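Notes for the structure review
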Amino acid sequence: MNFRLFKKRIIERLYFSALIRNSSIYLGSNLINSVIPFLLLPVLTRYLSPSDYAIVAMFQILSSLLFPVISLSVQGAVTIKYFDKDRIILPRYIGNCLFIICFNTLIMGFLFYCFGSFISGISLFPLTWLWSPLLFAFAQTLVMLVLTLWIVQSKAISHTLFQILMSFLNVMFTIFFVVALKKNWEGRIEAQLITTVIFAFLSLIYLCKKRLVDFTFNFGYIKNALRYGVPLIPHEIGGLLMMYIDRFLLMNMKGAADTGVYTVAFQIASIFGIMVHSFHKAYVPWLFEKIKTNDFLVKLKIVKLTYLYFVVVLIMAVAYSLIASWALKFIVGKNFTGAGIYIIWFTIGSAFIGMYYMVSTYLLFAEKTYVLGLATFFITVLNSILTFFLIKVNGVLGAAQSALITNLFYFALVWFLSSKFYKMPWSLKNKQKAFLQNAVRSVNE
């Protein structure tokens, strides 16, 4: 065997083993981080009523909707620039991204102050607590920036320990406030707020200590980060609305109690979603390194891996939903046992989102973020209409059914668009072409 070819194959195996190792670490991290709050379900479903649970869920929804507006996906921009750090001053770029985050937080705070009554009315979230999701989203943005840096630096251990400590402290505060002090939904929100603010402060200390932030103003860097992030706002907001519009509609059409039960089912199914997202975290830097070579045969291997992933993730989704539905009666309080009927719809829907992750990355690599924004807007409108009508026809179950259907359409649409804007050998014809290229290369070598 040619030594150059042997060396290339060894490097490829090392890349792949790094992918498996890091994805395993992220999977373990996210499983622990999902299991720790999951262990809270027996506590929360016994100390909180379904209505209390719905208020906590609305806090999480408002925080999630604020996060992309405040962050403007600066962590994604930093990911791209990290691989281009020879041409920019990365700490200065990060510092200017922090300027964006602070400015956006002030703007959203002003809007919440002016339109607080309206926001509280449509979300049914207490007006006096409306500041809390804003503070939580700001702190979460700082935490996510550091976690993203660790992902692109392949510091999976640091990423894992940070998340585990954060989850552990969250649980301790929750038990103290909800169980010991009996503060109901207020205690659960306070626990999340205090934990996230503490770790946001630690994130800033880390950035300064490692000299990863430089607060020298640079309009060019701000413009570049905005060019990346602003087109993603419809995509991010649309994706979150697609995920959470069901609870908005259920709160207003079916009431807080049904929404609370429905939310428990979503949380149990979300553990599977965390599993597929874990693989994606490790997969993105690996994929970017691979497709930068623009080697057709490498792309073909990526496509084969993707098709294998599609099959595996669907099989795992069915298995997980069956096990989770059976175990539900041992996990939650008696007021929440009706959640079992919704789990399979959420879990298979999460599998389609995992498949979406695998194909949407190509649009991000090609910097076609506006395409994702348009696709997400279309699917969000479809999801809103479909959810409304299915709730009318099938009640609460209709909302879960709508989640699965729209996730399937979302995956299919983004796959189609990514194939148009970034060429990958998805078809059999391309595989035949690869076979011929490989034969020619073997002869030459």
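Residues numbered from 1 in each chain as written. Predicted model: local features only at pLDDT ≥ 70, side-chain atom pairs only at ≥ 80, totals over all residues. Heavy atoms only, no water.

**Let's talk about the overall build of the chain**
Scanning the chain from terminus to terminus reveals 17 helices and zero strands. In the chain, which comprises 445 residues, the share counted as buried stands at 53%. A separation of at least 24 residues holds for 83% of the contacts in the chain among residues at least 6 apart in sequence. Approximately 20600 Å² of the chain is accessible, and the part contributed by carbon and sulfur atoms is 70%. (Helix = DSSP H or I, 4+ residues; strand = E, 2+ residues; numbered from the N terminus. Buried < 20%, exposed > 50% of the residue type's maximum accessible area, 1.4 Å probe, protein only. Contact = heavy atoms within 4.5 Å. Areas by Shrake-Rupley, 256 points an atom, 1.4 Å probe, with all protein chains shown as cover.)

**Focus on the pattern of salt bridges**
Enumeration according to the criterion identifies three salt bridges in this entry. The partner of Glu 190 in a salt bridge is Lys 183, and the shortest N-O contact between them spans 2.9 Å. You can call Glu 190 buried: its relative accessible area is 17%. A relative accessible area of 30% means that Lys 183 is categorised as partly exposed. A salt bridge links Asp 246 to Arg 247, with the nearest nitrogen and oxygen atoms 3.2 Å apart. You can call Asp 246 buried: its relative accessible area is 3%. (Salt bridge = Lys/Arg side-chain N within 4 Å of Asp/Glu carboxyl O.)

**Here we look at the packing of helix α7 (residues 131-152) against helix α8 (residues 156-180)**
For the pair α7 and α8, interaxial distance at closest approach is 9 Å and the crossing angle is 150°. Relative to α8, α7 is oriented roughly antiparallel. Contacts between α7 and α8 involve Val 143, Leu 147, Trp 150 and Ile 151 on the former and, on the latter, Ser 158, His 159, Phe 162, Gln 163 and Met 166. Of the residues contributing to the contact of α7 with α8, the split by class is six nonpolar, three polar and no charged. (Axes fitted to C-alpha atoms, helices over the stretch in contact; angles between N-to-C directions. Parallel < 35°, antiparallel > 145°, perpendicular 65-115°, else oblique. Nonpolar A, V, L, I, M, F, W, Y, C, P; charged D, E, K, R; others polar.)

**What about the packing of aromatic side chains?**
A full pass over the atoms with the stated rule returns 28 aromatic pairs. Seen in terms of ring centroids, Phe 99 and Phe 217 are 6.4 Å apart; in terms of plane orientation they differ by 35°. Their pairing is tilted. Taken together, the positions of Phe 99 in helix α5 (residues 90-114) and Phe 217 in the loop between α9 (184-209) and α10 (219-229) put the pair 118 residues apart, joining distant regions of the chain. Assessed through its relative accessible area of 29%, Phe 99 is described here as partly exposed. (Phe/Tyr/Trp six-rings, centres within 6.5 Å; stacked < 30°, edge-to-face > 60°.)

**Describing the environment of Leu 66**
Within the secondary structure, Leu 66 is located in helix α3 (residues 50-71). Judged by relative accessible area, Leu 66 falls into the buried class, the value being 4%. Contacts of Leu 66, omitting those with residues within four sequence positions, involve Met 108, Phe 112, Pro 133, Leu 134 and Ala 137.

**Some details on unusual backbone geometry**
One non-glycine residue with positive phi stands out, namely Asn 184, at about 55°. Examined against the element boundaries, Asn 184 turns out to sit in helix α9. Residues other than glycine seldom take positive phi values, yet Arg 211 does so here, at roughly 55°. With respect to the helices and strands, the residue Arg 211 is situated in the loop between α9 and α10. We classify Arg 211 as exposed; its relative accessible area is 71%.

**A look at the environment of Ser 384**
Take Ser 384: it is sitting in helix α15 (residues 369-394). Overall, Ser 384 belongs to the partly exposed group, its relative accessible area being 25%. Remark: the alpha-carbon pair of Ser 384 and Met 242, spanning 142 residues in sequence, is separated by 7.2 Å. Dropping the residues within four chain positions of it, Ser 384 is found in contact with Ile 245 and Leu 249. From its side chain, Ser 384 meets the backbone oxygen of Thr 380 in a polar contact 2.9 Å long. (Polar contact = N/O pair within 3.5 Å; in protein donor to acceptor, adjacent residues only side chain to side chain.)

**Digging into the side chain of Arg 188**
Along the polypeptide, Arg 188 turns up in helix α9. As a buried residue without a salt bridge, Arg 188 has its nearest oppositely charged side chain in Glu 190, at a separation of 11 Å. Polar side-chain contacts of Arg 188 include one of 2.7 Å to the side chain of Thr 174. The residues touching Arg 188, leaving out its near neighbours within four places in the chain, are Leu 40, Leu 44, Val 56, Asn 170, Thr 174 and Val 178. (Lys, Arg positive; Asp, Glu negative; His and termini not counted.)

**Here's the deal with the packing of α3 against α9**
Contact geometry of α3 with α9 gives a least axis separation of 8 Å together with a crossing angle of 30°. If you check the angle between α3 and α9, you find them roughly parallel. Of the two possible hands of crossing, α3 and α9 adopt the one that is right-handed. Where α3 abuts α9, its residues Asp 52, Ile 55, Val 56, Phe 59 and Gln 60 lie against Asn 184, Trp 185, Arg 188, Ile 189, Gln 192 and Leu 193. Of the residues in the contact of α3 with α9, the class split is six nonpolar, three polar and two charged. (Left-handed = near helix turned anticlockwise from the far one by under 90°.)

**As for α10**
Along α10, the residues that are buried comprise Tyr 221, Ile 222, Ala 225, Tyr 228 and Gly 229. Looking down the long axis of α10, one finds its buried residues gathered within 125° of arc, a one-sided arrangement. Exposed residues on α10 whose side chains face more than 90 degrees from its buried face are Phe 219 and Arg 227. Where α10 begins, one side-chain oxygen reaches toward the backbone nitrogen of Gly 220, 2.9 Å away; that side chain belongs to Asn 218. (Arc of directions from axis to C-beta.)

Any functional reading would require information beyond the geometric quantities listed.
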